[in-house]
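The lines below spell out each chain.
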Amino acid sequence: MRARVLVKPKAGILDPQGQAVERALPALGFTGVSNVHVGRLIELDVQDAAQLPEMCERLLTNPLIEDYQIVDVV
Amino acid sequence: MKFGVIRFPGSCDEVDAQLACQRAGEAVILWHGDHDLQGVDAVVVPGGFSYGDYLRVGAIARFAPVMEEVAEFAREGGIVLGICNGFQVLCEARLLPGALLPNTSLRFVFRQVKVEVVNAETPFTRACTDGQRLSIPVKHTTGRFYAPEHDLDRLESDGQVLLRYAPGHNPNGSLRDIAGVCNEGRNVFGLMPHPEHAVDPLTGSTDGGKIFESIRAHVADGVPV
């Protein structure tokens, strides 16, 4: 089955990548944008979806600096 | 004494590290795929881009076969030094506290910096004095040291912060200007600056040699950590 894991920087940790994007958008004329954070999407085929949380904890993310969400398993 | 410097696919500073170690003792290269530390007295995890630094810096290298041996060696009190990418690998392996994040500037920094020795009573800094300034180069994109506030307080009060960027020299946005930290046991140390690139007057500074000299003196004493 196909799984998707969303990885994002932990709240409160300085995210210069998100800030750079946030500064770039007004330059293109987009206004009213705030709180931009840049993360990562990992898609993977797995035979046993129950293993996903451990995969996330041990390799796919660093729990000290990142939060993850298993967004769908289809 | 004998140093062992690990070579991962993607390492690039292992030869400089080996040459720096050879100013203090013997030094051999350890292969990432071997479960063998060749009886070395100290392990150096060098700079570079281990396993391409895919996913996160150091995230894949920490699972290399040799790293299982390094973890065991560290648990037994063995001396482990991680430089730049090696620091990142040791953090990912949970042998050191914290993590390294992209520089605040989002740019690669490559310059000589001044760092201050915060704690000179460790196997890695004993050839220095407290407050001494060392001139050592940095070269990285992902060197912003991060740990949660309460961990930073504990690291500082426990004397685990060994090096700090001198005022105005923090090149990456590291919290509390931290340039290098050790573990609770004081036998594992990681730093972003490259002491192995500062051992010969030709390149402007020999201050980095003090790190290798400290390790040599510690091992020669045979004093348990």
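Reference entry: report on the structure contained in this document. (Residues numbered from 1 in each chain as written. Chains lettered and ligands numbered in written order. Predicted model: local features only at pLDDT ≥ 70, side-chain atom pairs only at ≥ 80, totals over all residues. Heavy atoms only, no water.)

### Section: the environment of B:Glu69
All names here are of chain B. Cut-off, in case you're wondering: Strands are runs of DSSP state E lasting at least 2 residues, helices are runs of H or I lasting at least 4, and numbering of each runs from the N terminus. The contact rule is simple, with two residues in contact once any of their heavy atoms fall within 4.5 Å.
Tracing the backbone through its elements, the reader meets Glu-69 in helix H2 (residues 65-75). C-alpha of Glu-69 to C-alpha of His-35: the two residues are 34 residues apart in sequence and 6.2 Å apart in space. Beyond its immediate stretch of four places on either side in the chain, Glu-69 contacts His-35, Asp-36 and Leu-37.

### With respect to a nonpolar patch on the surface
Residue and element names in this part refer to chain A. How we decide: Each patch is built from residues that are more than 30% exposed by relative accessible area and take part in no salt bridge. Like charges join if they lie within 9 Å; nonpolar side chains (Val, Leu, Ile, Met, Phe, Trp, Tyr) join within 5 Å. Note on areas: Shrake-Rupley, 1.4 Å probe, and residue coverage restricted to the protein chains presented here. Between Lys or Arg on one side and Asp or Glu on the other, a salt bridge is scored when a side-chain nitrogen of the former is within 4 Å of a carboxyl oxygen of the latter. Throughout, exposure labels follow a simple rule: accessible area from a 1.4 Å probe, protein chains only, divided by the maximum for the residue type, with under 20% read as buried, over 50% as exposed, and the rest as partly exposed.
A contiguous nonpolar surface patch, about 230 Å² in accessible area, is contributed by Met-1, Ile-70 and Val-73. Inspection of the secondary structure assignment puts Met-1 in the segment before strand S1 (2-9). A residue is classified by how much of its surface remains accessible, and Met-1, at 47% relative accessible area, is partly exposed.

### Things to note about the sheet that holds strand S4 (residues 79-83) of chain B
Residue and element names in this part refer to chain B. Selection criterion: Being paired, for any two strands, means DSSP has found at least two bridges between them. Axis lines are fitted through C-alpha atoms, for helices just across the contact stretch, and the angle between N-to-C directions can take any value from 0 to 180 degrees.
The strand order across the open sheet formed by nine strands is S2-S1-S3-S4-S11-S10-S9-S6-S7, and the pairing between neighbours is mixed. Every interior strand has two partners, whereas the edge strands, strand S2 (26-31) and strand S7 (133-140), have only one. Recorded for the sheet is a direction-independent mean angle of 25° between the axes of neighbouring strands. For S4 and strand S11 (residues 188-191), the ladder comprises four bridges, and the chain directions are parallel. By the bridge assignment, Ile-83 is partnered in S11 with Leu-191. Lying over the sheet, H2 contacts strand S1 (2-7), S2, strand S3 (42-45), S4 and S11, oriented at roughly 125° with respect to S4.

### Re the interface of chain B and chain A
As a reminder, the rule being used: Computed with a 1.4 Å rolling probe, the buried area is the accessible surface lost when two parts are put together, summed over both parts. Polar contact criterion, stated in full: a pair of N or O atoms within 3.5 Å, where within protein one must be able to donate a hydrogen and the other to accept it, and residues adjacent in sequence count only if both atoms are side-chain atoms. Under this grouping Gly is polar, as are all residues other than the nonpolar Ala, Val, Leu, Ile, Met, Phe, Trp, Tyr, Cys and Pro and the charged Asp, Glu, Lys and Arg.
If you look at the interface, chain B gives 17 residues, while chain A gives 16 residues. In this assembly, chain B packs against chain A so that about 1400 Å² is buried in total across both faces, 66% of it on carbon and sulfur atoms. Run the count over chain B and chain A and you get one salt bridge. Between A:Glu66 and B:Arg56 there is a salt bridge, with the nearest N and O atoms lying 3.8 Å from each other. Summed over the shared surface of chain B and chain A, the number is six residue pairs in polar contact (both at pLDDT 80 or more). Within the residue set of the side of chain B that touches chain A, elements represented by two or more residues are strand S5 (99-101) and strand S8 (144-146) of chain B. Of the residues that constitute the side of chain B that touches chain A, the class distribution is nine nonpolar, three polar and five charged.

### Focus on the layout of surface pockets
Any empty space left between the atoms is revealed when a probe the size of a water molecule rolls over them. Quick reminder of the rule: Residues are called lining when one of their atoms sits within 4 Å of a cavity or pocket point, these points coming from a 1 Å grid over the protein atoms alone, where a cavity is a set in which a 1.4 Å probe fits but cannot get out and a pocket is an open set with protein on both sides within 12 Å along at least five of seven lines. Grid points are joined across faces, edges and corners, and a volume is the space filled by probe spheres set on the points.
In this structure, the largest pocket occupies an estimated 530 Å³ of space. Lining the largest pocket are 28 residues, with A:Arg40, A:Glu66, B:Arg56, B:Leu101 and B:Pro102 positioned closest to its centre. Counting residues per element, the ones that place at least two in the lining of the largest pocket are S1 and helix H1 (16-27) of chain A together with helix H3 (85-92) and S5 of chain B. Tallied by class, residues from the lining of the largest pocket come to 15 nonpolar, six polar and seven charged. In this structure, the second largest pocket occupies an estimated 230 Å³ of space. Lining the second largest pocket are 17 residues, and of these B:Gly48, B:Phe49, B:Lys139, B:His140 and B:Thr141 sit closest to its centre. Secondary structure elements with two or more residues in the lining of the second largest pocket: H3 and S7 of chain B. By residue class, the composition of the lining of the second largest pocket is five nonpolar, nine polar and three charged.

### Comments concerning the packing of aromatic side chains
All names here are of chain B. Stated formally: Each pair of aromatic rings taken from Phe, Tyr and Trp, with Trp reduced to its six-membered ring, is defined by centres within 6.5 Å and is described as stacked if the planes are under 30 degrees apart, edge-to-face if over 60, and tilted in the remaining cases.
In total, this model carries five aromatic pairs over all chains according to the counting rule given. Taken together, a centroid distance of 5.2 Å and an interplanar angle of 40° make the contact between Phe-124 and Phe-189 tilted. Taken together, the residues span a long stretch of sequence, with Phe-124 in the loop between strand S6 (109-117) and S7 and Phe-189 in strand S11 at a distance of 65 residues. For Phe-124, a relative accessible area of 0% corresponds to the buried category.

Purely spatial values, then, with no claim about function.
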